[in-house]
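# Descriptive analysis of the structure
Residues per chain are reported as follows:
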Amino acid sequence: MDPSRPLLGRGAFLSSSAHAAAAIILIAFLLLTLLRLPLSPSISIYTPPPLASTPHHHLQHQDHEDQEQEDASSCDLSSPLDCADPRLFHLMMRSAIDAFPAVHFARFGRPVPGDPPSASCDMAWRARTNASASASPTATTKDYRRFAIARDPHTCAYSVTSIGDYHSGPNARKPRPGASNATAAPPPPPLSRSQFAAATYLSYHGGGDRCKLMPHYMRSLLCALAEARYLNRTLVLDLSLCLAASYTAAGMPEEGKRLAFYFDIDHLRSSVVNIIEERQFWEDWDRWGAQGQLGLRLIEDTRVAATKFSKAKDTLIVRKFGEVEPGNYWYHVCEGEAERVLPPPRHAIRLAPSLMSIVDDIILSMQQDFDSVHVGGSVEDLIQRIEDGVDVGRQVYIAGEGINTVSMEVLKAKYNNLRYLDEFQRLWRKDSKWFLEMKRLNGGVPVKFDGYMRELVDREVFLKGKKKVEVLR
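An account of the accompanying structure is given in this report. Given the structure is predicted, the values throughout are model-derived calculations rather than measurements.

For valine 375, the location among the structural elements is in strand β13 (residues 371-375). With 24 residues separating them in the primary sequence, valine 375 and alanine 399 have C-alpha atoms 6.0 Å apart.

Attention shifts here to helix α11 (residues 405-412). Looking at α11, one finds that the buried residues are Ser407, Met408 and Leu411. Looking down the long axis of α11, one finds its buried residues gathered within 95° of arc, a one-sided arrangement.

All chains considered together, the criterion is met by 23 salt bridges. Here arginine 210 ties to aspartate 238 by a salt bridge, and the two come within 3.7 Å at their closest N and O atoms. Residue arginine 210 is found in the loop between β6 (201-205) and α6 (214-231), and its partner aspartate 238 is found in the loop between β7 (234-237) and β8 (240-243); the two are separated by 28 residues along the sequence. Residue arginine 210 is classed as partly exposed on the basis of its relative accessible area of 38%. Two residues, arginine 454 and aspartate 422, come together in a salt bridge whose shortest N-O distance is 2.8 Å. One end of the pair, arginine 454, is in helix α13 (residues 451-463); the other, aspartate 422, is in the loop between β15 (418-420) and α12 (433-441), and 32 residues separate them in sequence. A relative accessible area of 28% means that arginine 454 is categorised as partly exposed. Taken together, the salt bridges that share partners define one network made up of Arg210, Asp238 and Glu255.

This brings us to the environment of phenylalanine 424. Along the chain, the position of phenylalanine 424 falls in the loop between β15 and α12. Once the C-alpha coordinates of phenylalanine 424 and aspartate 361 are considered, the two residues, 63 residues apart in sequence, prove to be 9.0 Å apart.

Cis geometry is found at the peptide bond from aspartate 115 to proline 116, where omega equals 5°. The topology assignment puts proline 116 in the loop between β2 (112-113) and β3 (120-129). In this model, glutamate 325 is joined to proline 326 through a cis peptide bond whose omega is 0°. Secondary-structure assignment places proline 326 in the loop between β12 (316-320) and α9 (353-365). Phi at cysteine 211 takes a positive value of approximately 70°, unusual for a residue other than glycine. One can find cysteine 211 in the loop between β6 and α6. With a relative accessible area of 28%, cysteine 211 lands in the partly exposed category. Positive phi, close to 55°, is recorded for asparagine 232, a residue that is not glycine.

Turning our eyes to something else, we now look at the packing of aromatic side chains. Applying the stated rule across the entire model yields 22 aromatic pairs. With a centroid separation of 4.2 Å and an interplanar angle of 10°, the aromatic rings of tryptophan 428 and phenylalanine 449 are classed as stacked. Separated by 21 residues along the polypeptide, tryptophan 428 in the loop between β15 and α12 and phenylalanine 449 in the loop between α12 and α13 bring together distant segments of the chain. Residue class for tryptophan 428 comes out buried when judged on its relative accessible area of 12%. Given a relative accessible area of 13%, phenylalanine 449 falls into the buried group. These aromatic residues form a ring-pair network of at least three members: Phe100, Phe105, Phe108, Trp125 and Phe147. Positioned over the ring face of tyrosine 331 is arginine 219, at 3.7 Å from the centre of the ring.

With that settled, consider the state of the cysteines. Where two cysteines share a covalent bond between their sulfur atoms, that bond is called a disulfide. For the structure on display, the rule yields 3 disulfides. The disulfide partner of cysteine 211 is cysteine 242, and the gap between their sulfur atoms is 1.9 Å. Every disulfide takes its handedness from the sign of the S-S torsion; for cysteine 211 and cysteine 242 that torsion is 100°, giving right-handed. One end of the pair, cysteine 211, is in the loop between β6 and α6; the other, cysteine 242, is in strand β8, and 31 residues separate them in sequence.

The next point concerns the pairing of β8. Of the two faces of β8, both are covered, the one formed by Ser240 and Cys242 as well as the one formed by Leu241 and Leu243. Both β8 and strand β9 (residues 254-258) contribute to a ladder of 3 bridges, which runs antiparallel. Across the sheet, residue leucine 241 finds its bridge partner in β9, namely lysine 257.

A few words on the packing of α9 against α13. In a packed pair of helices, the relevant descriptors are the angle between the two axes and the axis-to-axis distance. Direction vectors running N to C along α9 and α13 enclose 45°, while the axes themselves pass 10 Å from each other. Taken together, the axes of α9 and α13 lie oblique to each other. Every pair of crossing elements has a handedness; the one defined by α9 and α13 is right-handed. Counting all contacts with α9, which are made through Leu355, Met356, Ile358, Val359 and Ile362, the residues of α13 involved are Met453, Leu456, Val457, Glu460 and Val461. Partitioned by chemical class, the residues of the contact of α9 with α13 number 9 nonpolar, no polar and 1 charged.

Right, let's get into α12. Among the residues making up α12, those that are buried are Trp434, Phe435, Glu437, Met438 and Leu441. End-on, the buried residues of α12 take up no more than an arc of 165°, which puts them together on one face. Buried positions along α12 lie against α9 and α13. Just past α12, the residue glycine 443 takes up positive phi, approximately 70°.

Rules and cut-offs
- Residues numbered from 1 in each chain as written.
- Predicted model: local features only at pLDDT ≥ 70, side-chain atom pairs only at ≥ 80, totals over all residues.
- Heavy atoms only, no water.
- Helix = DSSP H or I, 4+ residues; strand = E, 2+ residues; numbered from the N terminus.
- Buried < 20%, exposed > 50% of the residue type's maximum accessible area, 1.4 Å probe, protein only.
- Arc of directions from axis to C-beta.
- Salt bridge = Lys/Arg side-chain N within 4 Å of Asp/Glu carboxyl O.
- Phe/Tyr/Trp six-rings, centres within 6.5 Å; stacked < 30°, edge-to-face > 60°.
- Lys NZ or Arg CZ within 6 Å of the ring centre and 35° of its normal.
- Disulfide = S-S within 2.5 Å.
- Pairing = 2+ DSSP bridges.
- Axes fitted to C-alpha atoms, helices over the stretch in contact; angles between N-to-C directions.
- Parallel < 35°, antiparallel > 145°, perpendicular 65-115°, else oblique.
- Left-handed = near helix turned anticlockwise from the far one by under 90°.
- Contact = heavy atoms within 4.5 Å.
- Nonpolar A, V, L, I, M, F, W, Y, C, P; charged D, E, K, R; others polar.

Laid out in structure tokens, this is it:
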């Protein structure tokens, strides 16, 4: 062969051989890959596992569940309860029905936040007990209680952990009709001269009645009301009073009490005679009467009867009482010759609406026809009179100054159906309706449930008993 001749055939052969070798290697690589055999002991190919089929709607549902779990895990136990939640309302109703099987529930009120609002709700209801149902099928009693509510920290699910005592849920209580009379009314606007001069007035000045026991004070007040009514004059009256030492916890006289704490002033005005606050009257007098343009008559002798000046035309009549007791007591005006024409208007004396609300609540918690005993002697006398005077099988309310927890526990060891005032302290504690009303009436200053208030409420409940027994000393 001529070495100078180009090797055309050899180049083509090498090219085709190279293509064939490449094809074989490719086929071998594919086989090894399909069979998942390692190419060499030190090299392997990672094949990820196949993805499971996950529909789109399933992913959305999973995200929703994850979000719910996240929300539930962040349940804020310090936030206020939603007492209006129907689920919680139904739970509270079921809990009440289960807790009081002897009560025939007629209607439930909507729950409202309790105290603390993060863990309690108050709910009211009307119901009949077995005793009242047998006595009167249509008679119902009302109650409002505090429900302690717990929440699961993970799911926020509600549970009722306890139900309070009778009338323990004051936030659910509807306002008593007329109770607004116990709140402080805005002062009336100043009178014009013509308005002030159109009326006539009676004023009692001085006297020794201040800081006396309330029966003494009330006797003098009734006398002043009687004379103002007889003379047909507006009574100028200091509506503040000094409470005697025997009614206060400190054992000292207490100034600054208001007559409206104890009695219904609006009823006095409407049923006996118009009353004007003493301070307001003298401000108006200084403006319109001090110049001598309006007549004034001064009477300094309590023995001068109202019949002697009943036709007086003076705008103002002032009875001035001296400094010497007992001759300077107001009630002397209604003695002697005046007694015939000045009968005391006792019918007009009604307890303040705030105190009557306490009385009503106590009576509602008693059996409908309870008996009552008023104590004026020793515990031994009381036991004897209970056994002699009342049916020990009936519910009995015990009233009186000598009643205390120790003496009542002695009695209740023998008779388990006795009730007394201190069992109802929740009705005048700091979260009660009475306390809030009195605080408003007193310009935002809290008022204590004093000894005279106790006496008035105690006596009123006693008078509501079906059979009343007095135990005297």
